[in-house]
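# A look at the structure
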Amino acid sequence: MTSKLESLQSWVDQVAAHTQPEAIHWCTGSDEEYQDLIELMLAHGTLTTLNRETHPNCYLHLSSPNDVARVEHLTFICTSGKDDAGPNNLWMEPAEAHEKMDALFEGCMRGRIMYVIPYCMGPIDSPYSRCGVEITDSAYVVANMKLMTKMGNKALERIEREGKFVRGLHSTGELDPERRFIMHFPEELSIKSYGSGYGGNALLGKKCHALRIASYQGRQEGWLAEHMLIVGLENPDGDVHYIACAFPSACGKTNLAMLIPPESMKGWRAWTLGDDIAWLHLDEDGKLRAINPEAGYFGVVPGTNEKTNKNAYEMIKHDAIFTNVATTEDNQPWWEGKLDGTPAKDWQGRNYDPSTGKAAHPNSRFTVPATNNPAYSSLADAPTGVPISAIVFGGRRKKVAPLVYQTKSWEHGVLVGAGTASETTAAMVGEVGKVRRDPMAMKPFCGYNFADYWAHWLSFPERSEHLPKIFHVNWFRQDDDGNFLWPGFGENIRVLEWIIDRVEHRAGAKETPIGFLPHAEDLNTTNLDISADALEELTSIDTAQWRAEMASVLEYLEGYGDRLPEELRRQQKMIADALNEEMAKAS
Ligand code: OXD
Ligand code: MN
């Protein structure tokens, strides 16, 4: 096959000449093609079939043990000016990065098939969607891209019509961590990724395109590409509010996106629009509208069960690809937190021995089409997306951050987003449990200087008077003995209910220096098993801790130097001054 789009065809020819594949396959996106790829991988041993009775059409892939997560230390933003990448990114000069990558790619597909994957991020007929083409030598990547994006002929037609697409070149190479790089060239709308087969490094439509490149593109074109889930909450009267929430990796985004309200909240329903990424555009009326650029979920498996996330548990029982989970004697997938079964083989295919670690890798994943989800919202495919009522930032904090608070303005919300911090998790290589600032949960994903990104966020009020309200939540507060104070999971809807009621001017709150917090009685706690003390702690702030927090936020922001928008300094100062006043009153 060839493409009638000259720029696409010549790029494919050039890559083929350079990487020397045995054959070239243009992906059509058909179900037969998916099935053929599965058969091919089964024949090569890249995949194995899981129990057909309990898990029809489910397959297991075990990756190389050194290739199980994103590699932020090997991920670069290659803009012509170093400052454009900012202190939040590793930077390499574009010519140097191309040279380095081209040397790695030279001849790397000998004996392999080169797949050309045209894909569309977002509903195929949405003006908010953007397209790309990924060239890869991994059948696993193609199969995952089929589940995660709109890929194949329809995307190719759109690309040929528009003439513009993001170019992503990927090879698993030798899976050698010493020869592994993920390079982004936002000015050229291109990506080169070598040496890893792991989702975030290899499914280039996801983090590389839909966040890093798209955030850069969004700034140029006046929209936002964010690391946010999108959920619709329907109240007993049938009113639906859409909320977009940014949490760092592995903080329960998938769980919140698929939440099932508790028994006591009769008549409430949650609808999933997306679990990881949101693209936010202002419409002609100044309303912020969201689409989910993805068509599937690439979620963390451990911890998923009937209680924590029944929808996810159900949706991964069929038509799913599992990566790095364990298996039971009868070949069902197994992971820590699964309520039944016992592991026979671990995630490296070895007989399970508890002394060698967990049975499933903590960052083991499922890939499924979004339509598998019982709570899938049909509006997930609406070309105009959904209107967003509230934006919620959050992190994993044992202390300091209360359960929920509302910011005083959009600008204050941008400061809160910029100051978001979280304890690190297994989704990235490195130490787990360390607190790090993760602005808007975009630390690993913003394709340009955070200072410019905040300025972009701060420009929205100039363009709209109808922006959503901004909130901050923390499901992970602990008492001094390390017990969680809030039950989380489905009960989180109680917090979202307060958020919606604030948006609708129906709920009470107390004003504090850091924003509006609910009084304990403003939260719906009917039939919730929680002590008055725990609720009190969750809905109050410690002035001394917050003074330290705000000083640390300022110190972090000052790391962005002259490019830091003055407005953020002003917002920080207003809060710091209010906290000082509070302290003075108390003494
Ligand atoms: C993800 C991540 O895989 O954020 O979604 O790491
Ligand atoms: Mn994510």
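Above this text is the structure in question.
As a starting point, this report considers the structure included with it. Quick caveat: nothing in here was measured; it's all calculated off a predicted structure. (Residues numbered from 1 in each chain as written. Chains lettered and ligands numbered in written order. Predicted model: local features only at pLDDT ≥ 70, side-chain atom pairs only at ≥ 80, totals over all residues. Heavy atoms only, no water.)

Before going further, it helps to spend a moment on the site of ligand 1. Around ligand 1, the surrounding shell holds eight residues, and the nearest of these are Arg-70, Lys-207, Ser-249, Asp-276 and Arg-365. Interatomic distance of 3.0 Å between a side-chain N/O atom of Lys-207 and an oxygen atom of ligand 1. Separating an oxygen atom of ligand 1 from a side-chain N or O atom of Arg-365 is a distance of 2.9 Å. Taken by itself ligand 1 offers 210 Å² of open surface, and the protein chains cover 95% of this. In the shell around ligand 1, the residues fall into two nonpolar, two polar and four charged. (Near = heavy atom within 4 Å. Polar contact = N/O pair within 3.5 Å; in protein donor to acceptor, adjacent residues only side chain to side chain. Areas by Shrake-Rupley, 256 points an atom, 1.4 Å probe, with all protein chains shown as cover. Nonpolar A, V, L, I, M, F, W, Y, C, P; charged D, E, K, R; others polar.)

For Gln-20, which is not glycine, the phi dihedral falls at a positive 60°. Positionally, Gln-20 belongs in the loop between α1 (6-19) and β1 (23-26). A relative accessible area of 37% places Gln-20 in the partly exposed class. (Helix = DSSP H or I, 4+ residues; strand = E, 2+ residues; numbered from the N terminus. Buried < 20%, exposed > 50% of the residue type's maximum accessible area, 1.4 Å probe, protein only.)

Our next topic: the nonpolar core. Residues Trp-454 and Trp-457 are the most contacted members of the largest nonpolar core, which totals 126 residues. Residues from two domains meet in this core; each of domain 1 (6-47 + 74-223) and domain 3 (389-586) gives at least three. When sequence neighbours within four positions are dropped, the list of residues in contact with Trp-454 reads Val-414, Ala-418, Pro-439, Met-440, Tyr-556, Leu-557, Tyr-560, Leu-564, Pro-565 and Leu-568. Of all hydrophobic cores here, the second largest spans 37 residues; its members include Ile-243, Val-392, Phe-471 and Ala-534. (Core = buried A, V, L, I, M, F, W, Y, C linked by side-chain atoms within 4.5 Å. Domains from an automatic or database assignment. Contact = heavy atoms within 4.5 Å.)

Before going further, it helps to examine the coordination of the manganese ion (ligand 2). Those protein atoms acting as donors to the manganese ion (ligand 2) are Lys-207 (NZ), His-227 (NE2) and Asp-276 (OD), and they sit at 2.2 Å. Sequence spacing of the donor residues for the manganese ion (ligand 2), all on one chain, is K-x19-H-x48-D. Taken as a pair, Lys-207 in helix α8 (residues 205-221) and His-227 in the loop between β12 (224-226) and β13 (228-234) lie far apart in primary sequence, 20 residues in all. Assessed through its relative accessible area of 6%, Lys-207 is described here as buried. Judged by its relative accessible area of 1%, His-227 is buried. (Donors = N, O, S within 2.8 Å, 3.2 Å for Na, K, Ca; no water.)

Attention shifts here to the pairing of β13. Two faces, one strand: in a regular strand the side chains alternate between the faces of the sheet. A large share of β13 lies buried, amounting to six of its seven residues. Taken together, the seven bridges between β13 and strand β14 (residues 240-246) define a ladder with antiparallel strand orientation. Across the sheet, residue Ile-230 finds its bridge partner in β14, namely Ala-244. Counting the residues in the hairpin turn of β13 and β14 gives five residues, including Gly-238, whose phi is positive at 90°. (Pairing = 2+ DSSP bridges.)

Let's shift gears to the environment of Asp-501. Along the chain, Asp-501 turns up in helix α14 (residues 493-503). Under the relative-accessibility criterion, Asp-501 is labelled buried at 18%. Remark: the alpha-carbon pair of Asp-501 and Asp-522, spanning 21 residues in sequence, is separated by 9.8 Å. In contact with Asp-501, not counting residues within four places along its chain, are Arg-506 and Ala-507.

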